[in-house]
Amino acid sequence: MQTNKGRVTKDGIRIYEADDFAGMNVAGRLAAQILDDIAAHVFVGQTTAEVDRLITQMVVDAGATSATIGYKGYQHASCISINHVVCHGIPGEKQLKDGDIVNIDVTVIVDGWFGDTSRMYVAGKLSRKAERLIQVTHDALMMGIEAAKPGNTFGDIGHAIQVYAESQRMSVVRDFCGHGLGRVFHSPPNVLHYGRAGTGSVLEEGMFFTIEPMINLGRPETKVLADDWTAVTRDKSLSAQFEHSIGITANGAEIFTLSPSGKFHPTYTV
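In this section: the overall build of the chain. When you go through the chain residue by residue, the secondary structure sums to four helices and 15 strands. Its C-alpha atoms give the chain a radius of gyration of 17 Å, within 12% of the compact-globule value 18 Å for 270 residues. Its C-alpha atoms put the chain at 50 × 45 × 40 Å along the principal axes. Within the chain, buried positions represent 53% of all 270 residues. Of the contacts formed within the chain by residues at least 6 apart in sequence, a portion of 70% connects residues at least 24 apart. In the form shown here, the chain has an accessible surface area of approximately 11,600 Å², with 52% of it arising from carbon and sulfur atoms. If the 24 positive side-chain charges of the chain are averaged to one point and the 30 negative ones to another, these points end up 6 Å apart.

What follows is the structure in structure tokens.
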């Protein structure tokens, strides 16, 4: 049953209770486990439709619900974004090619709680420039999470991500952002991945939200294709994204979507 115990800030951000962290951990862990399990199915010649079919079955087998099937008319359990697709790539019959970099984004609902996460995968041999982009994007996310603690601001999160990405001569996508979640898929705040330190709402214990930077090798501009979902880089440069769902604690941030098998980064294994 939905809790109404948490208050809402003047900026419309819900403050959740301590016992709500448990529900988010369960949902987040399932989403992360699905992304662990799908790794073996990302290979040269595979179709993104088959990857999505497998993810759909994993959600069903877990007794959970896909948050994206039926969301604003979307009909898939995942978004799968390849190479210069920034986000919201629609699964289809296109086969993965050697060297493709792939972001897979999954959101599940478990007992009313939303677990939302995405990470990068590689089909075949990883090129040096793609490897560097993936590493910078991963590290930018973790720097954003490091800045997520009570007393800091949302501007501090965006600033940490932007400064690092631009120091590596890459750009931060401005057109999409992270978001609040919990008992709902999307809610305040909008979590920008760029910005000025010390600006924006102040972080408080009990806030739940995603951080999900999209980093481009080229310029930051994007465009949405005629399907009204798929966002691509305007200059066709490679793009990468990592996403965690987190909750603000007394001392920092708790990550709900940690990979159970240590596979959050495509070149990391346990």
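That covers the picture; the talk isn't over yet.
A separate point is helix α3 (residues 128–146). Here α3 spans 27 Å end to end across 19 residues, near enough to the 27 Å set by a 1.5 Å rise per residue. The set of residues buried in α3 consists of Ala130, Leu133, Ile134, Val136, Thr137, His138, Ala140, Leu141, Gly144 and Ile145.

So, on to the state of the cysteines. Tallied over the full model, the rule gives zero disulfides. Cys79 takes part in no disulfide bond, and the closest cysteine sulfur to it belongs to Cys87, at a distance of 7.8 Å. Given the relative accessible area of 9%, Cys79 is considered buried. For Cys87, a relative accessible area of 5% gives the class buried.

Pairing between strand β7 (residues 178–180) and strand β8 (residues 187–191): three bridges, direction antiparallel. Paired with His179 across the strands is Asn190, a residue of β8. Where β7 hands over to β8, the hairpin turn is made up of six residues, of which Gly182 adopts a positive phi near 160°.

In contact at an axis separation of 8 Å, α3 and helix α4 (residues 154–167) are set at 150° when each is read in the N-to-C sense. Taken together, the axes of α3 and α4 are roughly antiparallel relative to one another. For the element pair α3 and α4, the recorded crossing hand is right-handed. Facing Val136, Asp139, Ala140, Met143 and Gly144 of α3, the residues of α4 in contact are Ile157, Ala160, Ile161, Tyr164 and Ala165. Each residue belonging to the contact of α3 with α4 can be placed in one class, and the counts come to eight nonpolar, one polar and one charged.

Across the junction of Pro188 and Pro189, the peptide omega takes the value 10°, indicating a cis bond. Residue Asp111 is not a glycine yet carries a positive backbone phi of 50°. Secondary-structure assignment places Asp111 in the loop between β4 (101–110) and β5 (113–122). Even without glycine at this site, Arg169 takes up a positive phi of about 60°. In this fold, Arg169 is placed in the loop between α4 and β6 (171–172).

The three strands are arranged β6-β10-β13 in an open sheet whose pairing can be described as antiparallel. In the strand order of this sheet, the two ends are held by β6 and β13 (239–241), each with one partner. Lying on the sheet, α3 is in contact with β10 (214–216) and β13; it crosses β13 at an angle near 35°.

Moving on: the packing of aromatic side chains. One pair of aromatic rings is described through two measures. These are the centre distance and the angle between the planes. Going through the model one piece at a time under the given rule, you end up with ten aromatic pairs. Note on Phe21 and Phe208: the rings are 4.9 Å apart at their centroids and 90° apart in plane angle, and the pair reads as edge-to-face. Here Phe21 is found in helix α1 (residues 20–38), whereas its partner Phe208 is found in strand β9 (residues 208–211), with 187 residues between them in sequence. Residue Phe21 is classed as buried on the basis of its relative accessible area, which comes to 11%.

What follows deals with helix α2 (residues 48–61). Between the first and last C-alpha of α2 there are 20 Å, a value that for 14 residues agrees with the 20 Å anticipated at 1.5 Å per step. Buried within α2 we find Thr48, Val51, Asp52, Leu54, Ile55, Met58 and Val59. Taken around the axis of α2, the buried residues stretch over an arc of 160°, which confines them to a single face. Exposed residues on α2 whose side chains face more than 90 degrees from its buried face are Val60 and Asp61. Lining the buried residues of α2 we find α1, β1 (65–66), β2 (78–82) and β4.

About the thresholds
Residues numbered from 1 in each chain as written. Predicted model: local features only at pLDDT ≥ 70, side-chain atom pairs only at ≥ 80, totals over all residues. Heavy atoms only, no water. Helix = DSSP H or I, 4+ residues; strand = E, 2+ residues; numbered from the N terminus. Rg over C-alpha atoms; globule rule 2.2 N^0.38 Å. Buried < 20%, exposed > 50% of the residue type's maximum accessible area, 1.4 Å probe, protein only. Contact = heavy atoms within 4.5 Å. Areas by Shrake-Rupley, 256 points an atom, 1.4 Å probe, with all protein chains shown as cover. Lys, Arg positive; Asp, Glu negative; His and termini not counted. Charge placed at Lys NZ, Arg CZ, Asp CG, Glu CD. Expected span 1.5 Å × (residues − 1). Disulfide = S-S within 2.5 Å. Pairing = 2+ DSSP bridges. Axes fitted to C-alpha atoms, helices over the stretch in contact; angles between N-to-C directions. Parallel < 35°, antiparallel > 145°, perpendicular 65-115°, else oblique. Left-handed = near helix turned anticlockwise from the far one by under 90°. Nonpolar A, V, L, I, M, F, W, Y, C, P; charged D, E, K, R; others polar. Phe/Tyr/Trp six-rings, centres within 6.5 Å; stacked < 30°, edge-to-face > 60°. Arc of directions from axis to C-beta.

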